[in-house]
Amino acid sequence: MVLSLPENAFIDPSGHNQAQISSLLKATADQILDYLSSAATHPPLPELDPLPLATIPDQPGDLAELLAPLQRIMTQSMNPAHPGYIGHMDPLPTTASLLGDWVAAALNNNMLSVEMSPALSRLEPQLMAEIAQMFGLGERSGGLLVSGGSLANLQALTVARNLKLNCLDQGLIGQVPPVILASEMAHTSIQKAAMVLGLGRQGVIPVAADAQGQMHPEALENCLQACLRAGQRPFAVVATAGTTVTGSIDPLLAIHRLARSYNLWFHVDAAYGGALIFSPDQSYRLEGIHLADSITFNPQKWLYVTKTCASVLFRDMTWLQDHFRISAPYMNDLADWTNLGEIALQGTRHGDSLKLWLALQHLGKAGYAALIETSYDLTRSMVDYIDQRSHLTLACTPAMNLVCFRSCPRALPESQWDRWNSHLQKELLKAGQVFLSLPWWRGQRWLKAVLLNPYTTKEHIGQWFELIDTLSVSVGTDLGV
Ligand SMILES: Cc1ncc(COP(=O)(O)O)c(C=O)c1O
């Protein structure tokens, strides 16, 4: 071992520093456990103090001594385990996914190729094929794990473009301007994908959504006709199953019908809502998803798997071979399984399948169904509190566990309602330890709750609405109106 390195710089493969490493791992595990086991007593979103110095030291340090600054960073982090952390689609992780992630980090294999991850390059396709079949995509289906839903959407739309426009080799040169159609409520990553694919942001045609935040099939057909009249070439339509602000689900069957009659690729962005496939009671909401050509589904959201863990699923995996694959000559092409780096946008990639597999093995389908049901129960309770208050309005009737609402007090002029809701959001966090996010939706500020945390109770929800009542008594005075 090089002399200037600390003795515990690596875990000695012959076991010479095992005792020392063992005490470090135990100290770190204890620190994590102490923090997570008391997460309900830390704020959901802490105030930031100065962070530990980030300058890189000239000389090696003592790892045990670094646990103290590590602790400071931990306690200044977003705290999704807090029962009041309901602002975003970011859950606390399951224990199994945390352990799986730890093991994957320790193995440090590479999903680029079979020889660099012999076990995980087999596990991932098996798991993806099983999940794709749960969505009803059929026997030729499968998928890939990717680092986030944005990349999943990009990979799906890249394959769609290559296949529908036959442009794997020549690109878009000389093509009629291609466009993608997506709801005005679709995630911004669709526009990013269009930008990367050479279509520009205007290459996504926004289709109007109805009052429930769902894409209007009639509006879709009108847009398609308008595109054709304008000399554009629509090649894909993106439906969303769980929009980011209101959790709305587009009418998948109707959209598929149009996709088929206009020869479009049918992509479903179910980054959030795909989890409903695990709930026998709620999966009906995804009716028509089995007809998708590709699906984005993020287990890092409603399956509570540590980040990042997102997937892109295809109805036919040969599409990836024929319309995407770039083989890597530096890889062993005698591999009995596909080198995943050749069919994925990403090359080197973390072994995310391990944590997903372990989480699924641990909770099973029934465990996830129970988690999903619990959050629907909380959602109904929250909607009741909103319905009982005349100044609170729902953006849409929730189709999932997202509740998007705003306060519209008569004591204030309408022009002040955005400011009032921003004020409420801040006060609820300060006085009630509840973190709601504050999205813009249809040009107005709304309060958004994502009821993912299984430790959030109806009692918590009751307390938050009592606080909203208390804060609402002084509406106007607080805003200086
Ligand atoms: C519907 C939808 N699609 C895609 C994404 C993008 O996912 P990521 O942030 O993992 O890239 C999100 C993120 O919230 C989303 O809500």
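Residues numbered from 1 in each chain as written. Predicted model: local features only at pLDDT ≥ 70, side-chain atom pairs only at ≥ 80, totals over all residues.

Enquirer: Before we move on, could you go through the sheet that holds strand S9 (residues 402–407) and cite the residues and values that matter?
Expert: With respect to topology, three strands assemble into an open sheet ordered S8-S9-S12, the strand pairing being antiparallel. Pairing within the sheet leaves two strands with one partner each, and these edge strands are strand S8 (392–394) and strand S12 (447–450). Between one strand and the next, the sheet's axes are offset by a mean angle of 30°, whatever the strand orientation. Bridge count between S8 and S9: three bridges; the pairing is antiparallel. (Pairing = 2+ DSSP bridges. Helix = DSSP H or I, 4+ residues; strand = E, 2+ residues; numbered from the N terminus. Axes fitted to C-alpha atoms, helices over the stretch in contact; angles between N-to-C directions.)

Enquirer: Lay out unusual backbone geometry with the relevant residues and their values.
Expert: Excluding glycine, most residues fall at negative phi; most peptide bonds, likewise, are trans. A cis amide bond links Lys307 to the next residue, Thr308, at an omega of -10°. The phi torsion at Asn263 lies on the positive side, around 55°, for a residue other than glycine. By the secondary structure assignment, Asn263 is in the loop between helix H8 (252–261) and strand S5 (265–269). C-beta crowding within 10 Å serves as the criterion here: with 9 such atoms nearby, Asn263 is assigned to the exposed category. Unusually for a residue other than glycine, Gln433 sits at a positive phi of about 55°. Note that Gln433 resides in the loop between helix H12 (417–432) and strand S10 (440–441). Looking at Gln433, the number of C-beta atoms within 10 Å reads 22, which means it is buried. (Buried ≥ 20, exposed ≤ 12 C-beta atoms within 10 Å, placed from the backbone.)

Enquirer: Please give an account of the sheet that holds strand S6 (residues 294–297) that cites residues and values.
Expert: Across the sheet, seven strands lie side by side as S1-S7-S6-S5-S4-S2-S3; this open sheet has mixed pairing. The outermost strands of the open sheet, each flanked by one partner alone, are strand S1 (142–146) and strand S3 (204–207). Each strand of the sheet is rotated relative to its neighbour by a mean of 20°, with strand direction disregarded. Two elements, strand S2 (residues 178–183) and strand S4 (residues 233–240), share five bridges in a ladder whose sense is parallel. If you follow Pro178 over to S4, its bridge partner there is Arg233.

Enquirer: Which residues make up the nonpolar core, and what values go with them?
Expert: As a rule of thumb, soluble globular proteins bury nonpolar side chains together. The biggest cluster of nonpolar side chains holds 120 residues, and the ones touching the most others in it are Ile180, Leu181, Ala236, Val237, Ile289 and Leu313. A total of 12 residues in this core trace back to one element, the largest contributor, which is helix H11 (residues 352–387). (Core = buried A, V, L, I, M, F, W, Y, C linked by C-beta atoms within 7 Å.)

Enquirer: Lay out the site of the ligand with the relevant residues and their values.
Expert: The environment of the ligand is formed by 15 residues, the closest being Gly148, Gly149, Ser150, His187 and Ala271. Counting residues per element, the shell around the ligand draws most heavily on helix H5 (residues 149–164), which supplies three residues. (Near = placed C-beta within 6 Å.)

Enquirer: Account for the pairing of S3, naming residues and giving values.
Expert: Put simply, side chains in a regular strand alternate between the two faces of the sheet. Two elements, S2 and S3, share four bridges in a ladder whose sense is parallel. When the bridges of S3 are listed, Ile180 appears paired with Val204. Handedness of the crossover joining S2 and S3 through helix H6 (residues 189–196): right-handed. (Right-handed = clockwise from strand over helix to strand, strands pointing away.)

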